[in-house]
Amino acid sequence: MTPFQKRRQHLASLLGKGDVAVVPTAPEQSRNRDSNYPYRFDSYFHYLTGFEEPNALLLLNDQAESILFCQPKDLEKEIWDGYRLGPEHAPQTLGVTQAFSIDDLDKIAPAFLSNHESIWFPFGVNPSMKDHLERWLEEISKKVRTGVRAPHTLKNACLLLDEMRLIKDAHEVQTMQKACDISSLAHIKAMQFCSHAIKQKVDIKEYHLEAELLHEFRRHGSEFPAYTSIVAAGANACVLHYRADKAPILSGDLVLIDAGCELNGYASDITRTFPANGRFTSPQKDIYECVLKAQEAAIAVTKPGAKFSDPHEASVRVLCEGLMALGILNQSAHGNLDDVIEHRKYTPFYMHRTSHWLGMDVHDCGSYVQAPNPDTPACTLAWSELDPLKPASSSTQPSRTLQAGMVLTIEPGLYIRPSPDVPEKYWNIGIRIEDDALITPNGVQLLSRGVPVGVSDIEQLMS
Ligand code: GLY
Ligand code: MN
Ligand code: MN
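Residues numbered from 1 in each chain as written. Chains lettered and ligands numbered in written order. Predicted model: local features only at pLDDT ≥ 70, side-chain atom pairs only at ≥ 80, totals over all residues. Heavy atoms only, no water.

**Observations concerning the coordination of the manganese ion (ligand 2)**
And step 1. Of the protein atoms, only Asp269 (OD), His356 (NE2), Glu411 (OE) and Glu434 (OE) coordinate the manganese ion (ligand 2), at distances of 2.0 to 2.2 Å.
And step 2. Taken in sequence order, the residues that donate to the manganese ion (ligand 2) follow the motif D-x86-H-x54-E-x22-E.
And step 3. In this structure the manganese ion (ligand 3) is found 3.3 Å away from the manganese ion (ligand 2), and Asp269 serves as a bridging donor for the pair. Pair noted here: Asp269 is in the loop between strand E13 (266–267) and strand E14 (270–275) and Glu434 is in the loop between strand E17 (429–432) and strand E18 (435–439), with a separation of 165 residues, a long-range link. Here Asp269 matches Glu434 in class, with each residue buried. (Donors = N, O, S within 2.8 Å, 3.2 Å for Na, K, Ca; no water. Helix = DSSP H or I, 4+ residues; strand = E, 2+ residues; numbered from the N terminus. Buried < 20%, exposed > 50% of the residue type's maximum accessible area, 1.4 Å probe, protein only.)

**So, the pattern of salt bridges**
And step 1. Here the structure, examined in full by the defined rule, presents 23 salt bridges.
And step 2. The salt bridge involving Arg317 is made with Asp338; its shortest N-O contact spans 2.8 Å. Note that Arg317 is positioned in helix H11 (residues 309–325) and Asp338 in helix H13 (residues 337–342), a separation of 21 residues in sequence.
And step 3. A salt bridge links Arg449 to Asp435, with the shortest nitrogen-to-oxygen separation between them at 3.1 Å. In this pair, Arg449 sits in the loop between strand E19 (444–446) and helix H14 (455–461) while Asp435 sits in strand E18, placing the two residues 14 residues apart along the sequence.
And step 4. Taking the relative accessible area as the measure of exposure, Asp435 reaches 0% and is therefore buried.
And step 5. Three or more residues are tied together by salt bridges with common partners; here these are Arg165, Lys168, Asp361 and Asp364. (Salt bridge = Lys/Arg side-chain N within 4 Å of Asp/Glu carboxyl O.)

**Regarding the packing of helix H10 (residues 282–300) against H11**
And step 1. Close contact between H10 and H11 brings their axes to 8 Å; oriented N to C, the two are set at 150 degrees. What the angle tells us is that H10 and H11 run roughly antiparallel. The chirality of how H10 crosses H11 is right-handed. Residue-level contacts link Cys290, Val291, Lys293, Ala294, Ala297 and Ala298 of H10 to Pro311, Ala314, Ser315, Val318, Leu319 and Gly322 of H11.
And step 2. Split by residue class, the contact of H10 with H11 holds 9 nonpolar, 2 polar and 1 charged. (Axes fitted to C-alpha atoms, helices over the stretch in contact; angles between N-to-C directions. Parallel < 35°, antiparallel > 145°, perpendicular 65-115°, else oblique. Left-handed = near helix turned anticlockwise from the far one by under 90°. Contact = heavy atoms within 4.5 Å. Nonpolar A, V, L, I, M, F, W, Y, C, P; charged D, E, K, R; others polar.)

**Overview of the site of ligand 1**
And step 1. Taken together, the residues surrounding ligand 1 are Tyr227, Asp258, Asp269, His356, His363, Glu411 and Glu434.
And step 2. Residue Asp258 places a side-chain N or O atom 3.1 Å away from a nitrogen atom belonging to ligand 1.
And step 3. Relative to its unbound accessible surface of 190 Å², ligand 1 loses 82% to contact with the protein.
And step 4. Across the shell around ligand 1, the residue classes break down as 1 nonpolar, 2 polar and 4 charged. (Near = heavy atom within 4 Å. Polar contact = N/O pair within 3.5 Å; in protein donor to acceptor, adjacent residues only side chain to side chain. Areas by Shrake-Rupley, 256 points an atom, 1.4 Å probe, with all protein chains shown as cover.)

**Looking at the environment of Lys285**
And step 1. Within the fold, Lys285 resides in helix H10.
And step 2. Spatially, the C-alpha atoms of Lys285 and Phe274 are 9.9 Å apart, while their sequence positions differ by 11 residues.
And step 3. Leave out the neighbours within four places in its chain, and Lys285 touches Phe280 and Val455.

**Side note on the side chain of Asp435**
And step 1. Side-chain polar atoms of Asp435 contact the side chain of Arg272, separated by 2.8 Å.
And step 2. There is a polar contact of 2.7 Å between the side chain of Asp435 and the side chain of Ser448.

**Brief notes about unusual backbone geometry**
And step 1. Phi at Ala64 takes a positive value of approximately 65 degrees, unusual for a residue other than glycine.
And step 2. As for its placement among the helices and strands, Ala64 is situated in the loop between strand E4 (57–61) and strand E5 (66–70).

**What about the packing of aromatic side chains?**
And step 1. Enumeration over the complete set of coordinates arrives at 7 aromatic pairs.
And step 2. Relative to Tyr288, the ring of Phe280 has its centre 4.9 Å away and its plane inclined at 55 degrees; by these criteria the two rings are tilted.
And step 3. With relative accessibility at 8%, the residue Phe280 sits in the buried group.
And step 4. In textbook terms, an aromatic cluster arises when at least three aromatic residues are bridged by ring pairs, as seen for Phe308, Trp357 and Tyr368.
And step 5. The ring of Tyr47 carries Arg7 above its face, with NZ or CZ at 4.5 Å from the centroid.
And step 6. Here Arg165 stacks its cationic end above the ring of Tyr44, 4.7 Å away from the centre of that ring. (Phe/Tyr/Trp six-rings, centres within 6.5 Å; stacked < 30°, edge-to-face > 60°. Lys NZ or Arg CZ within 6 Å of the ring centre and 35° of its normal.)

Following this line, the structure appears as structure tokens:
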């Protein structure tokens, strides 16, 4: 059985008796006129089918019977747009029970949905789904006089699929490791290209490093970057969502690269910050060592049974210690370490969370809040009750408990903008270090350490 068949069986087992799930893939997105953006399937749909073509939809009932609707074979269309699997080959290739042309969806779906109880579909994902469902339910209601029963409830399939996707199976872990390996090679390539260019006195800009990353991703079979690459030279590193732009990279600058490839539908997400010329200055090293220590503290508490918020809290404590030791936050103005943490005095320098789930999507699905008991999905709690961004200690809703198979990033940083309160030698230094962590039965495994993080390891790599 393929991983996709196993997942369909698992989802079927989570549906109520007589329920059915409807999972469409993503629509194509027009860029302008007849040109589209590069096509990316919907993650939920791909998770259940492994099928990459657009214009497709999966129906699945509680008996794990599956119907795939897909584009019909059409020589004329295939000459222009490429090969189509077609419904004739789908059962054999994808292991679905039956397959039909997507052109017959409105004819077949109402009959399949009739006499079922609840319809599960991913809420808020595909805008056309509600129209489809309206039409199908209307068709079914017309047949009620013949004894047909209409489904009575619409349910959010994300409640089930998010929890499934949160725990990665062996196939997913293997793919994510490969994605991280490729991204690690790309980071190394960009670092070495950078120091080489600076030493040769060749003018380079941020986009030259982006080009190295993209070349390395694609060369190893990655389909896309998992998100827009950030390549930020000097002060640009203090802009959190900066992208690779055209600023020159100068000797003496730090360069922050946050870039990861997508491979077979899975994201990697790595950040490294390095000196453009291959040698950290003393103030750069001060800040870098502080962020690295914060990351080490976060990694040390990342294990099964810990809370999602634990790595963040561990990072914040070490970052605050560092900010105080370096005179960036001073005790006379801000109080002692506990005061600084409690009153969040660090937020001018560290304003984001340390972690997010990682998987098919870079900010992957899955609740960040622990359900009160195992039978209550966290997503059914009232949102007003939840504040997963607050530390566990001050939040009424506990942060999610980490479990083997979860993957999260660990990405502390410090971003120091010019300010009369901060020693000038630290102005415009922006540093983030980001790794991808798999929770294992006994602890944690970093998937992204194909690219080093230590000061001397980076200097050696770039020498
Ligand atoms: N690259 C996006 C993030 O680190 O969350
Ligand atoms: Mn990230
Ligand atoms: Mn990132």
